[in-house]
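For reference, the chains in residue letters:
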Amino acid sequence: MAHASSYRPNTAIGKWFDVRLPVMRMMHDQFNDFPTPRNLNYLWTFGGILTFFLVVQLATGIVLAMHYIPHESMAFDSVEKIMRDVNWGWLLRYMHANGGSMFFLAVYIHIARGMYYGSYKAPREILWVIGVFIFLAMMATAFMGYSLVWGQMSFWAVTVITNLFSSLDSIVDGLGTAVVQWIWGGFSVGGPTLTRLFSLHYLLPFIITGLVILHIWALHVPGSNNPTGIDIKSKSDAIPFHPYYTFKDAYALCLFVILFMGLVFYAPNFLAHPDNYIQANPLQTPPHIVPEWYFLPFYAILRAIPDKLFGVIAFAGSIGLLAFLPWLDTSKVKSTRYRPIYKWFFALFIINTLVLGYLGAKPAEGMYLLFARIGTAFYFAHLLVVMPVVGWFEKPSAMPGSITDDVLGKGSGGGRPSAATASPGRR
Ligand code: HEM
């Protein structure tokens, strides 16, 4: 959002820099003085929390990489060496492994917040689509990082996931096999595969960092959405980002870090799988191959489809479709707060995703498989049918006239969505 700069450098060096490279002005205007809706709740603190965890992952990961050896016969032992012999190595590793989980927990809350308040709607579509790319890059990074431990679960997860590409054989005979062998760098998962996973695991976080910069840039053009979904209309609707939201964000971050530290210091392996403390053995398949918790809903979708190629398409589609939400959602209002029917569907969608997560950890057979199929059907029906159709006929409930009215509890400002939120071009 363009607003008049209030930055006044008051030192000689500050003035000298300001006419040459005005980074301080940019920081001041974007992160200090930035006009932000005055009614943001704690769900708006997760972007900051995510940024913090990105830094934690980068910092701990770079030091871990100084001690890790990406070689098939040394990788597992080098991780154990980090745990036992490297000064504070156990802390670095547990922070990195649990930091990944915290990162995903935060991103799921962040995505659900965006879905509930319609933050993907105009004019924030690009911001949202960049977010989906970040999410994809996060998934790829986490998958590759997990494989580096070279334990049983790492090895077999890589085997299962890379083998998905062999489904291309059913389109062009031999294509899938060729792609899989190209990825492996051989005829099975092995040393060359590990080296490339390590290389890409180191690279991707920097790509994520670049995407996050674009994400925040795209956010600062329209500015933040807010729980009403109504745009800022007057000065009284906004407050400067600092000190109001810097402190709110810092407080929420402290609470989240307490949870993180609880995991790191008291239950560091709570989210881990015991089989990953057994060194990778290509001759012995574990009875149940399960991914990390944050992949489980998508893993359930993958296994719910009996055909391999269609399973892969459903798996990719379940994530890829999220990028199209700005166009699939036809509602006139952004915030689900004012959507009496969609509210229930949204709650069902969240419950369904959690149930799919539970089913992803269970064997793909009997009742588990049946429910995973129902859940998969519901997941796609929500995105492809409920979102467009409910938006067409639903009558939004009474809305406040402005952000200020909402904060002051003035209730309905006419009972109809305002032009800023309701006109088709600004959906
Ligand atoms: C590394 C991961 C990510 C980081 C560091 C990040 C960072 C941020 C930050 C700092 C904000 C502003 C504060 C806030 O509204 O919470 C934000 C807003 C937003 N993010 Fe993200 N984000 C990430 C991932 C994602 C993903 C995966 C999506 C969606 C698929 C997404 C969608 C959005 C949307 C729609 C907003 C605007 C929210 C609003 O104004 O209501 N972000 N993000």
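Criteria and thresholds
- Residues numbered from 1 in each chain as written.
- Predicted model: local features only at pLDDT ≥ 70, side-chain atom pairs only at ≥ 80, totals over all residues.
- Helix = DSSP H or I, 4+ residues; strand = E, 2+ residues; numbered from the N terminus.
- Rg over C-alpha atoms; globule rule 2.2 N^0.38 Å.
- Buried ≥ 20, exposed ≤ 12 C-beta atoms within 10 Å, placed from the backbone.
- Contact = placed C-beta atoms within 7 Å.
- Domains from an automatic or database assignment.
- Nonpolar A, V, L, I, M, F, W, Y, C, P; charged D, E, K, R; others polar.
- Near = placed C-beta within 6 Å.
- Core = buried A, V, L, I, M, F, W, Y, C linked by C-beta atoms within 7 Å.
- Expected span 1.5 Å × (residues − 1).
- Axes fitted to C-alpha atoms, helices over the stretch in contact; angles between N-to-C directions.
- Parallel < 35°, antiparallel > 145°, perpendicular 65-115°, else oblique.
- Left-handed = near helix turned anticlockwise from the far one by under 90°.

What follows deals with the overall build of the chain. When helices and strands are counted, the chain shows 17 helices and 2 strands. Computed over the C-alpha atoms, the radius of gyration of the chain is 24 Å, within 12% of the 22 Å expected from 2.2 N^0.38 for a compact globule of 427 residues. Its C-alpha atoms put the chain at 70 × 60 × 45 Å along the principal axes. Residues counted as buried form 34% of the 427 residues belonging to the chain. Residue pairs in contact within the chain that sit at least 24 positions apart in sequence constitute 74% of those at least 6 positions apart.

Bringing the domain arrangement of the chain into the picture now. In terms of domain boundaries, the chain breaks down into domain 1 (23-289) and domain 2 (295-396). Taken residue by residue, the interface counts 19 residues in domain 1 and 18 residues in domain 2. Elements supplying a minimum of two residues to the side of domain 1 that touches domain 2: α5 (89-116) and α6 (125-148). Here the side of domain 1 that touches domain 2 takes 5 residues from α6, the largest share from any one element. Looking at side-chain class alone, the side of domain 1 that touches domain 2 contains 10 nonpolar, 7 polar and 2 charged residues.

This brings us to the site of the ligand. Taken together, 29 residues form the shell around the ligand, and within it Gly47, Leu50, Ser119, Gly131 and Asn225 come nearest. When residues of the shell around the ligand are traced back to their parent elements, those giving at least two are α3 (46-67), α5, α6 and α9 (191-220).

Here is a general trend for soluble globular proteins: nonpolar side chains tend to be buried in one another's company. Core analysis: the largest hydrophobic core is formed by 48 residues, its most contacted members being Phe103, Ala106 and Trp150. The set of elements that each furnish at least two residues to this core consists of α3, α4 (75-84), α5, α6, α7 (152-163), α9 and α10 (241-266). At 10 residues, the largest contribution of residues to this core is made by α6. Judged by nonpolar contacts, the second largest core, of 13 residues, contains Phe298, Ala300, Leu302 and Tyr379.

Along its 22 residues, α3 runs 32 Å from first to last C-alpha, staying within 8% of the 32 Å computed at 1.5 Å per residue. Every buried residue of α3 is accounted for by Phe46, Gly47, Ile49, Leu50, Phe52, Phe53, Gln57, Gly61 and Leu64. Where α3 is buried, its residues meet α4, α5, α9 and α10.

Two elements in contact, α3 and α10, have axes whose closest approach is 9 Å; the angle formed by their N-to-C orientations is 55°. Taken together, the axis directions place α3 and α10 in an arrangement best described as oblique. Crossing geometry of α3 relative to α10 is assigned as right-handed. When α3 is examined against α10, the residues Gly48, Ile49 and Phe52 are found in contact with a partner set consisting of Asp249, Ala252, Leu253 and Phe256. Residue composition of the contact of α3 with α10, grouped by class: 5 nonpolar, 1 polar and 1 charged.

Turning our eyes to something else, we now look at helix α11 (residues 296-304). Of all 9 residues making up α11, 9 are buried, and the element is well covered by its neighbours. Within α11 the residues assigned to the buried category are Leu296, Pro297, Phe298, Tyr299, Ala300, Ile301, Leu302, Arg303 and Ala304. Of the surrounding secondary structure, the elements contacted by the buried residues of α11 are α12 (308-320), α14 (342-360) and α15 (366-393).

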